[in-house]
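This is what each chain is made of:
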Amino acid sequence: QVQLVESGGGLVQAGGSLRLSCAASGRIFSTYAMGWFRQAPGKEREFVAGIKWSGGNTYYADSVKGRFTISRDNAKNTVYLQMNSLKPEDTAVYYCAAVRRGYLVPTRYFDYDYWGQGTQVTVSS
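Thresholds, definitions, all that
- Residues numbered from 1 in each chain as written.
- Predicted model: local features only at pLDDT ≥ 70, side-chain atom pairs only at ≥ 80, totals over all residues.
- Heavy atoms only, no water.
- Pairing = 2+ DSSP bridges.
- Helix = DSSP H or I, 4+ residues; strand = E, 2+ residues; numbered from the N terminus.
- Axes fitted to C-alpha atoms, helices over the stretch in contact; angles between N-to-C directions.
- Salt bridge = Lys/Arg side-chain N within 4 Å of Asp/Glu carboxyl O.
- Buried < 20%, exposed > 50% of the residue type's maximum accessible area, 1.4 Å probe, protein only.

A.B. asks: I tried to follow the sheet that holds strand E7 (residues 68-73) on my own but got confused; where do I start?
C.D. replies: Two modes of strand pairing occur in sheets, parallel and antiparallel, and in both the strands are linked by backbone hydrogen bonds. Pairing in this open sheet of four strands is antiparallel, and the strands run E1-E3-E8-E7 from one edge to the other. Two strands in the sheet have a free side with no partner beyond their single neighbour: strand E1 (4-7) and E7. Geometrically, the sheet is characterised by an average inter-axis angle of 15° between neighbouring strands, direction not taken into account. For strand E3 (residues 18-24) and strand E8 (residues 78-83), the ladder comprises six bridges, and the chain directions are antiparallel.

Printed below as a string of structure tokens:
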């Protein structure tokens, strides 16, 4: 069982930056692939970024490529999402998620096994 807790959300002006963190419980965190998703009001949950268990492979949605960076520190059981050049359309609740098959990074939300509660990110224009 893995429990995930996100932090770092907030209100920021367009062009600004935020760093989200996701702290995981469980001693096998390092074997899980991790993903960040987001969900805006009235929209489906969408894949933002993902990282394999080793941290050596990262994946991004086209909408955030070049602006967002996912990373992980397995010693701290934490995954991060650095968000730069934020836009109003990035406004959403951001969720981190874990999947037991650490060698894959799914982009479909229903392929993930564990979810955090989410953290709100609001970007003002």
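A.B. asks: Before we go on, may I ask you to explain the pattern of salt bridges in this structure?
C.D. replies: In a structure, side chains of opposite charge can pair up when their charged atoms sit close to one another. Counted by the stated rule, this structure contains six salt bridges. Between aspartate 90 and arginine 67 there is a salt bridge whose closest N-O contact spans 2.8 Å. Here aspartate 90, found in the loop between E8 and strand E9 (92-99), pairs with arginine 67, found in the loop between strand E6 (58-60) and E7; they are 23 residues apart in sequence, far enough to count as distant. Arginine 67 carries the same exposure label as aspartate 90, and that label is buried. Three or more residues are tied together by salt bridges with common partners; here these are Arg38, Glu46, Arg67 and Asp90.

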